[in-house]
Amino acid sequence: MSRGNSDRARLHRLGRAAVVQGRRQGTGTLITPSLVLTCAHVIGAAHSARVVIPGGTEPQLCQVVWSDARLDAALLLSQRPLVDASPTPIIVGDRPEVHVRMSAVATDRPVPGCEIAGYPQIQRYDGGRLELDQYTGTVLPLAGLIRKTMVFEFDRPPAPETSGDVSPLAGLSGGPVYAGDTLLGIVRTVPHGRNHQRVECVPISQVLADKDVREWFERRLGREVASALGRHTATHRSEDSPYEEEYADALVAEYRKTRIFGLDELSRRESEWDLDTAYLSLEAVASNRGRRSMAGSGKFGRIEALLADHPRVLLRGDAGSGKTTLVSWLAAHAVAGTLDSQLAAFNGLVPFVVPLRTLRARGTGFPTPSQLPGAARLMIDEAPSGWAGRVLESGRALLLVDGLDEVPYEDREEAHRWLSSLLKRYPGTRCLATVRPLAVAPEWLESEDFAELRLLPMRDEDIREFVANWHRADRLNDPNATQELEDSLSRQLADNPTLQNLARTPLLCAVICALHRARQGFLPDTRWALYHSALEMMLGERDKRRMIVPPEGFTLSIEEQQQLLQRIAVWLVRGGQNEFTQDQALHQLNRTLVGMPRVQALGPPEQILTYMLNRSGLLHERTDKRYQFVHRTFRDFLAAKEFVEGDELHELLQHSGESHWRDVLLLAAGHCSRKDLDRLVNGLFDAGDAVLVNSRGGHKIRRGFYRLAVLCAQHGAWLEESTANRVQAAGWALID
């Protein structure tokens, strides 16, 4: 976790230390809000003991539910919680929370930077009131190996002030021993002859290995919680904790900010919003496809509530619907421990973000466990050997697989094998995978117990909130921006249902905000025109508005830039790719520049590519000399233009049954001439008519072709009579 959140977690874990008043006064640590682990000799033969957290609740009488004198450990149960619910718990279903991460020491090297918290009797003030004390030191794994104990050596001797023969550590028995935020054991005794420089401890692994403890957890909390408790017990190495803090810092730096399309085109630097400002809670619905999702089908609500109900989710959503933003938001807030009660189970987990489009662009395969920390290309050193495996083994991993639809069709079975094998190997791993709505079959991850959710279009109130957030960020970036602009757009959206329907996804809503800002309140009224206007703004008006002379020494027209970009776009669509290298771009430009003598005379292809990267606003560098369009929809828009202008409608129709070509077909309709649109619409109807209705899923497939034909036909101001009749008949059939 990041340093600020590490400090908060530290305060929280210290707050789990409790005073235990049994046969003698000792210390305990909370495993759940009502369950306390302490030493058996503190309790003695009694069946109960009083427990209190100073500054918290009143002392409560707790029942001894398990005690082992040989091991010197005991569990106490309170009838009501001793503390409020943890901000970073492990929650399994609706069962009680497990408050603490527990770990065995998996190295024979000393583990420095450890800490003991407790209530020694010497730490009494104001008439005998106890106060928490802290000790730092090193765990010595080999020092107690034969005696099966864990030895903790203090960094400096405890305070020598004592009364009589009382040890300065009296009262510390049962105190938790932490490495980072991981519980390694509890203090048991002070060995003789060490001048109070060491204490011997009960390793937590020995407590959890006890058969009676396991059975009690299963009876009291259920098998799921007992299993989760076991999964959250992992081996600990000395280098893990500092690396996890660095990893968390890198994740937050990468994902706590999000780039919102549009502000750069308004003559200011590209804007980055803090996710706390930019994130909008969207609605989703449980899919009614797939046998496992049937029980919850039709259930809808805010995505956070639905994610909390399912440890594994396949999230479907259209382009620009907010899938990637959700992944970033979850990664940043989970590792920081700042999610609210709905998603509290995610707090403190270690996110592994796997952006599949980037992996494909690099030409690498699907990551092994050891490669997961590097999948997102964070600015951080290599992980300690085996660290990711230990995180996965402990059940602390949050696997975020973004863009399954980015995997070429022929590689998706390999993607399925990779994901299912990983989750079978580490069954305690939470997972969210995102995909376009029709890219994979409904039951694609059914065997791995994935629930299916689908992001819904934004409601009117969501659009209003998004517009308010966008303009709030705009005003933060530009103090001269006014409230009147937001009010003007809000009125237009309220008065224009067509415009409001265009704003149902976060991407298009952001485009509308940007265009409205740039055009001082004038907006296009169709989806195709919206993209067309956005491209014109980005390719032609940005530098004019800033009165900037391009440093490359020349200017390309809007159409020239589109011709160059659409050749790259169509090559990407044909290859099912999103990213491209510099060499690949130069190859496409060389082929295109043959027919563009004016542009060819301006400079070599490398200079033309540099111009488009710097000036168009449509391309950005993902990694070193690897590029992509700022959003796939702009790639599809430009590729559609190339298909139409290149008289390649037949190629589009050949792919009309493939879900990842659907947006290209719809956008192509807007580029079509009257004659071309007629060919496209009738070609889709013909494809639908050719489907055998009696075949498996045939009726549904035919309706899909008809629906696509009707949507494409909406781009035409005029249609041949026979085509118009087919559209009308199909419209009635779809309603039926």
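The present account deals with the structure reproduced in this document.

Conventions and cut-offs
- Residues numbered from 1 in each chain as written.
- Predicted model: local features only at pLDDT ≥ 70, side-chain atom pairs only at ≥ 80, totals over all residues.
- Heavy atoms only, no water.
- Helix = DSSP H or I, 4+ residues; strand = E, 2+ residues; numbered from the N terminus.
- Buried < 20%, exposed > 50% of the residue type's maximum accessible area, 1.4 Å probe, protein only.
- Pairing = 2+ DSSP bridges.
- Axes fitted to C-alpha atoms, helices over the stretch in contact; angles between N-to-C directions.
- Contact = heavy atoms within 4.5 Å.
- Patch = residues over 30% accessible without salt bridge, like charges linked within 9 Å, V, L, I, M, F, W, Y side chains within 5 Å.
- Areas by Shrake-Rupley, 256 points an atom, 1.4 Å probe, with all protein chains shown as cover.
- Salt bridge = Lys/Arg side-chain N within 4 Å of Asp/Glu carboxyl O.
- Expected span 1.5 Å × (residues − 1).
- Arc of directions from axis to C-beta.

### What about the overall build of the protein?
In terms of regular secondary structure, the protein is built from 27 helices and 28 strands. Out of the 736 residues in the protein, the part that is buried amounts to 56%.

### Observations regarding the sheet that holds strand β5 (residues 60-68)
Pairing is antiparallel in the closed barrel, where six strands are placed in the order β1-β2-β3-β6-β5-β4. Direction aside, neighbouring strands of the sheet carry axes that sit 40° apart on average.

### A short note on the sheet that holds strand β22 (residues 350-355)
Spatially, β20-β19-β25-β21-β24-β23-β22 is the arrangement adopted by the seven strands of the open sheet, whose pairing is mixed. Bordering the open sheet on either side are β20 (300-302) and β22, each of which pairs with just one other strand. Recorded for the sheet is a direction-independent mean angle of 25° between the axes of neighbouring strands. Relative to strand β23 (residues 397-402), β22 is paired through six bridges, and the arrangement is parallel. Following the sheet pairing, V353 is matched in β23 by L400. Running at roughly 175° to β23, helix α12 (residues 412-425) makes contact with β21 (312-316), β22, β23 and β24 (430-435) of the sheet.

### A word on the environment of R527
With respect to the helices, strands and loops of the structure, R527 is situated in helix α17 (residues 527-546). In contact with R527, not counting residues within four places along its chain, are L502, L508, D663 and L667.

### Topic: the pairing of strand β1 (residues 17-21)
Note on strand geometry: in a regular strand, side chains alternate between the two faces of the sheet. Within β1, four of the five residues are buried, which leaves the element mostly enclosed by the surrounding structure. As defined by bridge partners, β1 adjoins strand β2 (residues 25-32) across five bridges and the pair is classed as antiparallel. Residue Q21 lies in a different strand from β2, and its bridge partner there is Q25. In this antiparallel pair of consecutive strands, β1 and β2, the connection spans three residues. Where β1 meets strand β4 (residues 48-52), three bridges bridge the pair, whose relative direction is antiparallel. Its bridge partner being in β4, V20 is matched across the sheet by V51.

### Some words on a nonpolar patch on the surface
Judged by side-chain polarity, L142, L145 and I146 come together as a nonpolar surface patch covering roughly 380 Å² of accessible area. Structurally, L142 is set in the loop between β11 (133-140) and β12 (150-154).

### Focus on helix α14 (residues 483-495)
Under the 1.5 Å per step criterion, the end-to-end length of α14 is 19 Å for 13 residues, consistent within 8% with the ideal 18 Å. Regarding α14, the residues found buried are L485, E486, L489 and L493. Seen along its axis, α14 keeps its buried residues to an arc of 100°; they face one direction. Opposite the packed face of α14, turned more than 90 degrees from it, sit the exposed residues E484, R491, A494 and D495. Along its buried surface, α14 packs onto α13 (460-477), α15 (497-502) and α16 (506-518).

### With respect to the pairing of strand β15 (residues 198-203)
Burial analysis of β15 places six of its six residues in the buried class, the great majority of the element. Of the strand pairs in this sheet, strand β14 (residues 182-189) and β15 are connected by four bridges, and their pairing is antiparallel. Bridge assignment links V187 to a residue of β15, and that residue is C201.

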